[in-house]
Amino acid sequence: MINIVSLFLCLILSTSFIFAQSETDSSPSNGEKNNSLFWEINRDDLSQPSYLYGTIHLIPKDSFFLLPAVEDALASSQELVLEIPLDMNFGTILSSAMWMLIPGGKSLKDYLSEEDYSTVRTFMKDSLSSPIPMYHKIKPLLTAQQITTMYCGGTEMESYELVFSQKFKEWKKTVSGLETMKDQMDALDEISIEEQAEGLLETTRSPRAACEQLAEMVRVYRQQDLTALMEMTQESEDLDEHLETLLDKRNEKWIPKIEKLLVKHQVFIAVGAGHLAGPKGVIQLLRNAGYSVRPVQ
């Protein structure tokens, strides 16, 4: 399960971690109904359109791309709206660090058999170029994502949210968020430590499979195929019970906040691409609210 979850988090949560480099010669494409990451939002009562962009929270730098139309929309917008604002105070940073730890003073040993824990420990020692500090104390999902990055060779990474935020900071424009860091951490806690530990064990047993899945996700993202990205988040039956909390409910909570922003001024909304498509995706929910949401060619 954890390999699917790692993919999923990169598409829907800003608290996701670094993943592997994609070796692909695919070029970004734009045009078909669900083959766009970039959408215009409009309605008769709005003084100007706003924009919606689907991100992948971390991507290898050599796979990062921005179309000219996106650059123009960023420059013309008065406010950047992310899932969570990137500027965090000391209290938020401290609470985030505490949240990363397995709760109750427990460790990975409490969730795996002695044999399975030995498998993980041996992998950590023999298969990684550098150690992961306190891996036995950190939530296994986070450790699994770090393993994938390191084992697959790693590369210099880029963040769409960071690039966009830096631009708006230079322009002295507002950057805001649709939710808080605590909201995202609470959503991740829907995945039990038991499930995370089993997933970490799976990752250490088959790390190359995780590399292949992550490379495929980057390839599909560069093709801007929202339907395929959505299918990637739904291909594990084990994940079904978490989809409502991690995705659908968050989308629903965002719509009233987005509507208030749209009537205020032109905004550029950048959220994980996994949030956009489907009957309960942000695009359809905005259409249900009476907005015209169309791909920008």
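Residues numbered from 1 in each chain as written. Predicted model: local features only at pLDDT ≥ 70, side-chain atom pairs only at ≥ 80, totals over all residues. Heavy atoms only, no water.

## Some remarks on the confidence of the model for the protein
For the protein, per-residue confidence averages 84 on the pLDDT scale, and residues scoring 70 or more make up 83% of the total. Low pLDDT, under 50, characterises residues 1–8; the stretch is placed with 36 contacts to residues that sit more than four places away or in other chains. (pLDDT = per-residue confidence, 0-100. Contact = heavy atoms within 4.5 Å.)

## Focus on the packing of helix 4 (residues 114–126) against helix 8 (residues 193–205)
It is the contact of helix 4 with helix 8, at a shortest axis distance of 9 Å, that shows an interaxial angle of 50 degrees. Here helix 4 lies oblique to helix 8, going by the angle between them. The two elements helix 4 and helix 8 meet at a crossing, and its hand is left-handed. Between helix 4, through Asp116, Thr119, Val120 and Phe123, and helix 8, the contact on the second element is made entirely by Leu200, Leu201, Thr204 and Arg205. A class-by-class count of the residues in the contact of helix 4 with helix 8 yields 4 nonpolar, 2 polar and 2 charged. (Axes fitted to C-alpha atoms, helices over the stretch in contact; angles between N-to-C directions. Helix = DSSP H or I, 4+ residues; strand = E, 2+ residues; numbered from the N terminus. Parallel < 35°, antiparallel > 145°, perpendicular 65-115°, else oblique. Left-handed = near helix turned anticlockwise from the far one by under 90°. Nonpolar A, V, L, I, M, F, W, Y, C, P; charged D, E, K, R; others polar.)

## Looking at the layout of surface pockets
Rolling a probe over the atoms, with the probe sized like a water molecule, indicates the empty space that remains. By volume, the second largest pocket amounts to about 220 Å³. Along its surface, the second largest pocket is lined by Leu178, Glu179, Asp183, Asp186, Ala187, Thr245, Lys249, Arg250, Lys253, Trp254 and Lys257. When residues of the lining of the second largest pocket are traced back to their parent elements, those giving at least two are helix 7 (181–188) and helix 11 (240–262). In terms of residue count, the dominant contributor to the lining of the second largest pocket is helix 11 (6 residues). Of the residues assigned to the lining of the second largest pocket, the class counts are 3 nonpolar, 1 polar and 7 charged. (1 Å grid on protein atoms, 1.4 Å probe; cavity = no way out; pocket = protein on both sides within 12 Å on 5 of 7 lines; lining within 4 Å. Points joined across faces, edges and corners; volume = space filled by probe spheres on them.)

## Details of the nonpolar core
Grouped together as the largest cluster of nonpolar side chains are 52 residues, with contacts concentrated most on Tyr53, Phe164, Tyr221 and Phe268. If near-sequence neighbours (up to four positions away) are discounted, Phe164 is found in contact with Tyr53, Thr55, Leu66, Leu74, Leu80, Phe268 and Ala270. Counting 17 residues, the second-largest nonpolar core is a separate cluster that includes Tyr111, Tyr135, Ile147 and Ala197. (Core = buried A, V, L, I, M, F, W, Y, C linked by side-chain atoms within 4.5 Å. Buried < 20%, exposed > 50% of the residue type's maximum accessible area, 1.4 Å probe, protein only.)

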